[in-house]
Amino acid sequence: MSGALLVLYPGSFDPVTNGHLDIIQRACRLFDRVLVAVSTQVDKRPLFSLEERLEMLREVTAPLRRQVEVEAFDGLLVHYAVNRGAKAVIRGIRAVTDFDYEFQMSLMNRRLCEELETVFLVPAEAYTYLSSSLVKEVAGLGGSVTGLVPSQVERKLEEKLASERDRRKQSGGCRDG
Ligand code: ADP
């Protein structure tokens, strides 16, 4: 047996939630190293910039730094995985609604790279309804997201939403100019 077993955990992480962290912790129990790969894709119109998403992830995974690394990636996931020497890709499954898309993606990735496996992990029950978009929606409407995201992320969300509100006020209250 040789070499550390490396797994990729790709996503947008806009922003990282306690559900993501739960999956990262579970992955650490199965693999030697976990590379959290933040997608640079902009077509999802993220609330946080790539740099901000990377910074938050690095901050919240700091206690796991001996096993976890955070990096940006663009292009095809399978190319990135092969370049980095990853044996598998982790995806989180919250409910059956996730399954269709994830199943399709995993088979497409297998078609592109036969050796790369997809490993599906299920989070703690408390996080099965949690998504970054729901967190942003609730926080944007003034609801509390305490316990759903790490406290550092909660603070960053408040700052970001306040600056978005200021920006909108300055531009005359029009949402879409
Ligand atoms: P993507 O845009 O690739 O779906 P996300 O950042 O939304 O990126 O999610 C990255 C991965 O984490 C996906 O596999 C997603 O299913 C999983 N995930 C997101 N939220 C949770 C959660 N609450 N519990 C478990 N897995 C999750």
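The structure we're discussing is the one just above.
Residues numbered from 1 in each chain as written. Predicted model: local features only at pLDDT ≥ 70, side-chain atom pairs only at ≥ 80, totals over all residues. Heavy atoms only, no water.

### Here we look at the site of the ligand
Stage number 1. Around the ligand sit 16 residues in total, of which Tyr-9, Ser-12, Lys-44, Gly-92 and Leu-130 are the nearest.
Stage number 2. Contact between the ligand and His-20: an oxygen atom at 3.2 Å from a side-chain N or O atom of the residue.
Stage number 3. Arg-94 is positioned with one of its side-chain polar atoms (N or O) 3.2 Å from a nitrogen atom of the ligand.
Stage number 4. Isolated, the ligand exposes 550 Å² of accessible area, and the fraction of that covered by the protein chains is 89%. (Near = heavy atom within 4 Å. Polar contact = N/O pair within 3.5 Å; in protein donor to acceptor, adjacent residues only side chain to side chain. Areas by Shrake-Rupley, 256 points an atom, 1.4 Å probe, with all protein chains shown as cover.)

### Remarks on the pattern of salt bridges
Stage number 1. All chains considered together, the criterion is met by twelve salt bridges.
Stage number 2. Salt-bridge contacts for Asp-22 lead to Arg-26; the nearest nitrogen and oxygen are separated by 2.6 Å. Of the two residues, Asp-22 and Arg-26 both sit in helix α1 (residues 18-30), four residues apart, roughly one turn of that helix.
Stage number 3. Measuring nitrogen to oxygen at the nearest pair gives 3.0 Å for the salt bridge that ties Glu-117 to Arg-110. (Salt bridge = Lys/Arg side-chain N within 4 Å of Asp/Glu carboxyl O. Helix = DSSP H or I, 4+ residues; strand = E, 2+ residues; numbered from the N terminus.)

### Regarding unusual backbone geometry
Stage number 1. For the bond from Asp-14 to Pro-15, the omega torsion is 0°, close enough to zero to count as cis.
Stage number 2. Structurally, Pro-15 can be placed in the loop between β1 (6-11) and α1.

### Concerning the sheet that holds strand β4 (residues 88-92)
Stage number 1. Read from one edge of the open sheet, five strands run β3-β2-β1-β4-β5, paired in parallel fashion. Unpaired on one side and paired on the other, β3 (68-73) and β5 (117-121) mark the two borders of the sheet. Along the sheet, successive strands turn relative to each other by an average axial angle of 30°, direction set aside.
Stage number 2. Across six bridges, the pairing between strand β2 (residues 33-39) and β3 is parallel. Bridge pairing in β3 places Ala-37 opposite Glu-71.
Stage number 3. Along the sheet face, helix α3 (residues 77-84) touches β1, β2, β3 and β4 and points at about 135° away from the line of β3.
Stage number 4. Docked against the sheet, helix α4 (residues 96-112) engages β4 and β5, running at close to 160° with respect to β5. (Pairing = 2+ DSSP bridges. Axes fitted to C-alpha atoms, helices over the stretch in contact; angles between N-to-C directions. Contact = heavy atoms within 4.5 Å.)

### Quick notes on the side chain of Asp-14
Stage number 1. Summarising the element assignment, Asp-14 is placed in the loop between β1 and α1.
Stage number 2. A polar atom in the side chain of Asp-14 sits 2.9 Å from the backbone nitrogen of Phe-48.
Stage number 3. Of note is the side chain of Asp-14, whose polar atom sits 2.7 Å from the side chain of Lys-136.
Stage number 4. Setting aside residues no more than four positions away along its own chain, Asp-14 makes contact with Pro-46, Leu-47, Phe-48, Arg-53, Ser-132 and Lys-136.

### What to know about α1
Stage number 1. With 13 residues, α1 should cover 18 Å at 1.5 Å per step; its first-to-last C-alpha distance of 19 Å lies within 8% of that length.
Stage number 2. Among the residues making up α1, those that are buried are Asn-18, Gly-19, His-20, Leu-21, Asp-22, Ile-23, Ile-24, Ala-27 and Cys-28.
Stage number 3. With a side-chain oxygen positioned 3.1 Å from the backbone nitrogen of Gly-19, the residue opening α1 is Thr-17. (Expected span 1.5 Å × (residues − 1). Buried < 20%, exposed > 50% of the residue type's maximum accessible area, 1.4 Å probe, protein only.)

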